[in-house]
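Reading the structure
Here is what each chain is made of, one letter per residue.
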Amino acid sequence: MTHPTHLRVSSDFIIAQLSDLHLSTHIPANADKFLKVLDIALTYEPNLLLLTGDLVNDGKANLYNWLFDTLDKTRIAYLCLAGNHDLTHELGHDLPFDERQFLPITKDDRLIDAHRLIIELPHTTWQILAVNSAINGQIHGRLDDDKLAFLKTHLAYNLPTLIALHHHPIPVGSAWIDKHMLQNSDEFWATLNFINQATYASDTIHHLHVVCGHVHQAHLLQHDNATLYTCPATSVQFSPHQDDFDIDKTASGFRLLQLHDNHKPNTWVKRLNDEP
């Protein structure tokens, strides 16, 4: 079930976040890694597959067809966001990064622009707000005024909330990738803080939870009244806390999140080499 708007469960709600697949005809191993990670994710019987960007390199329609067909066969609800590689054609892979060209391409219309999913647990209603942070022809991200207004509108309902986007909205400590984070992160956090201050002044303030991809690393970071959870890639991993681009030998993986009635998710990072 692609991009559902309402799901009801009788117990906890399980999300498998998969990110940065980088499906490409030039790198067939990335599809193999994705399938292996997906197989492990399915053993946890998730209620939702959340894919947070860089799904297909260079916007190849046949690879999106393969991906959506693969997801449909799981018979599990899924949400798919674009990443920078879904909206950008990169030329000069053999050149140093700062000498490459980045050309805009059109987003596949099966990818989310802004989407709200309501999740009904036995005693609590959660919402997932998924927003596209990718910009045609750019590596960095940005949320336009419509996306910020979308967040402001739905955060005002005062529900425990999980926000999903591709680009990280706070630095993760790797200088080269932090240059390409969400460029208007101040506006993003101001939107979240404004809602907390204006709407919840006399009510319970829900801690907000944000998930993203893009960094090919697993982090759990605090920012004001929010927690950011980043996701390992199903493709290659980037070495954490490095000033310059560097590939890590850590295995491919995904993030598992468990939503409860108590408004706070449990979460674990699972990797290929965790399994026997």
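Above this text you will find the structure in question.
The following refers to the structure shown.

So, how was this worked out
Residues numbered from 1 in each chain as written. Predicted model: local features only at pLDDT ≥ 70, side-chain atom pairs only at ≥ 80, totals over all residues. Heavy atoms only, no water. Buried < 20%, exposed > 50% of the residue type's maximum accessible area, 1.4 Å probe, protein only. Helix = DSSP H or I, 4+ residues; strand = E, 2+ residues; numbered from the N terminus. Pairing = 2+ DSSP bridges. Right-handed = clockwise from strand over helix to strand, strands pointing away. Expected span 1.5 Å × (residues − 1). Arc of directions from axis to C-beta. Contact = heavy atoms within 4.5 Å. Phe/Tyr/Trp six-rings, centres within 6.5 Å; stacked < 30°, edge-to-face > 60°. Axes fitted to C-alpha atoms, helices over the stretch in contact; angles between N-to-C directions. Polar contact = N/O pair within 3.5 Å; in protein donor to acceptor, adjacent residues only side chain to side chain.

With burial as the criterion, each face of strand β9 (residues 161–164) is covered, one bearing Thr-161 and Ile-163 and the other bearing Leu-162 and Ala-164. Bridge count between strand β8 (residues 125–131) and β9: four bridges; the pairing is parallel. For Gln-127, the partnering residue across the bridge sits in β9 and is Thr-161. Tracing the backbone out of β8, into helix α3 (residues 145–155) and back to the parallel element β9 gives a crossover that is right-handed.

With that settled, the discussion passes to the pairing of strand β7 (residues 114–120). Pairing of strand β1 (residues 6–8) with β7, which is carried by three bridges, proceeds in the parallel orientation. Residue pairing across strands places His-6 opposite Ile-118, the latter belonging to β7. Taken together, β7 and the strand that follows it, β8, pair antiparallel across an intervening segment of four residues.

End to end, helix α1 (residues 29–42) covers 20 Å across 14 residues, agreeing with the expected 20 Å (1.5 Å per residue, within 8%). Every buried residue of α1 is listed here: Asn-30, Phe-34, Val-37, Leu-38, Ile-40 and Ala-41. With its buried residues spanning 160 degrees around the axis, α1 presents them on a single face. Here the buried face of α1 lies against β2 (13–18), β3 (48–52), α2 (61–74), β15 (253–259) and β16 (266–271).

This part takes up the packing of aromatic side chains. The tally for this structure, following the rule as stated, stands at seven aromatic pairs. Aromatic pair Phe-34 and Trp-66: ring centres 6.1 Å apart, planes at 70 degrees, arrangement edge-to-face. On the criterion of sequence distance, the pair formed by Phe-34 in helix α1 and Trp-66 in helix α2 is long-range, its members being 32 residues apart. Classification of Phe-34 as buried rests on a relative accessible area of 0%.

Attention now goes to the sheet that holds β2. Pairing between sheet strands relies on hydrogen bonds along the backbone, with the strands arranged either parallel or antiparallel. Taken together, the five strands give an open sheet; going across it, the order is β4-β3-β2-β15-β16, and neighbouring strands pair in mixed fashion. The strands lining the two open edges of the sheet, one partner per strand, are β4 (77–81) and β16. Neighbour-to-neighbour, the strand axes of this sheet turn through a mean angle of 20 degrees, independent of strand direction. Pairing analysis gives five bridges linking β2 to β15, with the strands arranged antiparallel. Its bridge partner lying in β15, Ala-16 is registered against Leu-256. Where α2 meets the sheet, its contacts fall on β3 and β4, and the angle it forms with β4 comes to roughly 155 degrees.

What follows concerns the side chain of Asp-54. Note on placement: Asp-54 falls in the loop between β3 and α2. The buried category is assigned to Asp-54, whose relative accessible area is 2%. Side-chain polar atoms of Asp-54 contact the backbone nitrogen of Asn-84, separated by 3.1 Å. Within the structure, Asp-54 has its side chain in polar contact with the backbone nitrogen of His-85 (distance 2.7 Å). Ignoring sequence-local partners within four residues, the contact set of Asp-54 consists of Asp-20, Leu-21, His-22, Ala-82, Gly-83, Asn-84, His-85, Asp-86, His-166 and His-214.

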